[in-house]
Amino acid sequence: MVRRVKEQPQEFQGRFDRYDWWELHDGSRVYGHAATFAKGGELALHLALVRPVTPGTLKGLRRDSRFMEQYCRQHGLSRVVGVADEDNELFHKFCVLMGFTPPRRIQVAYKEIH
């Protein structure tokens, strides 16, 4: 189940300030949070899981992805852009040493909404 929340989830602190925040739960427990931002006919979606992936979590993710598809249709959005970023500890240390911002490796996937 998906529920919009007003407070920025801890997993996204300091990032994605203009986004909408969502809590993902299976009825009894929260299994993740999502951050979304609509622009140019697309919905950017960032997902953070807060517990291990189990068959129940996967079932919830499938159900909640259908919710996001319906949300896109209702708001005239034609594509979901899934975005993931990963930390790289060694490169992070290099960037801090050199005075750069913390680095991110970004992965992007698209899903057309019909």
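The following paragraphs examine the structure supplied in this document. Within any chain, residue numbers begin from 1 and follow the written order of that chain's sequence. Per-residue local features are limited, in this predicted model, to residues with pLDDT of at least 70; the limit for side-chain atom pairs, both in listing and counting, is 80 or more; totals at the level of whole chains, interfaces and linings are taken over all residues. Heavy atoms throughout the structure, all of them, feed into the side-chain values; hydrogens and water do not.

### A few points about the layout of surface pockets
Looking at the largest pocket, its volume works out to about 330 Å³. Around the largest pocket, the lining is made up of 16 residues, and of these Leu 45, Leu 47, Ser 65, Met 68 and Val 80 lie nearest the centre. Each helix corresponds to a stretch of at least 4 residues labelled H or I by DSSP, and each strand to a stretch of at least 2 residues labelled E; elements are numbered beginning at the N terminus. Residue assignment for the lining of the largest pocket shows that the elements contributing at least two residues are strand S4 (42-49), helix H1 (55-74), strand S5 (79-86) and strand S6 (105-112). In terms of residue count, the dominant contributor to the lining of the largest pocket is H1 (five residues). Both cavities and pockets are sets of points on a 1 Å grid over the protein atoms alone; in a cavity a 1.4 Å probe fits but cannot get out, in a pocket the set is open with protein on both sides within 12 Å along at least five of seven lines, and lining residues sit with an atom within 4 Å of a point. Grid points are joined across faces, edges and corners, and a volume is the space filled by probe spheres set on the points.

### Let's talk about the environment of His 25
By secondary structure assignment, the location of His 25 is in strand S2 (residues 20-25). Of the residues examined, His 25 reaches a relative accessible area of 14% and is grouped as buried. With 21 residues separating them in the primary sequence, His 25 and Arg 4 have C-alpha atoms 11 Å apart. Burial here depends on accessible area, computed with a 1.4 Å probe over protein chains only, as a share of the maximum for the residue type. Under 20% is buried, over 50% is exposed, and the range in between is partly exposed.

### Some points on the nonpolar core
Grouping buried Ala, Val, Leu, Ile, Met, Phe, Trp, Tyr and Cys residues that are joined through side-chain atoms within 4.5 Å yields what is termed a nonpolar core. Formed by Val 2, Trp 22, Leu 24, Tyr 31, Ala 34, Leu 43, Met 68, Tyr 71, Cys 72, Leu 77, Val 80 and Ile 113, the largest nonpolar core amounts to twelve residues. Of all the secondary-structure elements, those providing two or more residues to this core are S2, strand S3 (30-39) and H1. At three residues, the largest contribution of residues to this core is made by H1. Here a residue-residue contact requires only that any non-hydrogen atoms of the pair lie within 4.5 Å. Look past the residues within four positions of Leu 77 in its chain and what remains in contact with it is Ala 38, Gly 41, Glu 42, Leu 43, Cys 72 and Ile 113. One finds Phe 12, Tyr 19, Trp 21 and Ala 48 within the second-largest nonpolar core, a separate group that totals nine residues.

### Description of the pairing of S3
Buried residues dominate S3, accounting for seven of its ten residues. Whether two strands pair depends on DSSP finding at least two bridges between them. Direction of pairing for S2 relative to S3: antiparallel, over a ladder of six bridges. Paired with Asp 20 across the bridge in S3 is Thr 36. Adjacent in sequence and paired antiparallel, S2 and S3 are bridged by four residues, among which Gly 27 carries a positive phi angle near 105°. Examined bridge by bridge, S3 and S4 share eight bridges and lie antiparallel to one another. When the bridges of S4 are listed, His 33 appears paired with Ala 48. Here S3 hands over to S4 after two residues, with Gly 40 in that stretch at a positive phi of 60°.

### Quick look at the pattern of salt bridges
Take a side-chain nitrogen of Lys or Arg and a carboxyl oxygen of Asp or Glu: if they are within 4 Å of each other, that pair is a salt bridge. All chains considered together, the criterion is met by eight salt bridges. Measuring nitrogen to oxygen at the nearest pair gives 3.2 Å for the salt bridge that ties Asp 20 to Arg 4. Within this pair, whereas Asp 20 is found in strand S2, its partner Arg 4 is found in strand S1 (residues 2-5), the two being separated by 16 residues in sequence.

### Remarks on the packing of aromatic side chains
Ring pairs are drawn from Phe, Tyr and Trp, using the six-membered ring of Trp, whenever the two centres fall within 6.5 Å, and their geometry is named by plane angle: stacked under 30 degrees, edge-to-face over 60, tilted for the rest. Using the criterion set out here, one finds six aromatic pairs in the structure. For the pair Trp 22 and Phe 67, a centre-to-centre distance of 5.8 Å together with 70° between the ring planes defines the contact as edge-to-face. One end of the pair, Trp 22, is in strand S2; the other, Phe 67, is in helix H1, and 45 residues separate them in sequence. Note on Trp 22: relative accessible area 4%, which makes it buried. Seen from their ring centres, Trp 22 and Tyr 71 are 5.4 Å apart, and the 80° between their planes marks the pair as edge-to-face. On the criterion of sequence distance, the pair formed by Trp 22 in strand S2 and Tyr 71 in helix H1 is long-range, its members being 49 residues apart. Taken together, the aromatic side chains of Phe 12, Phe 16, Tyr 19, Trp 21 and Phe 37 make up a single cluster linked through ring pairs.

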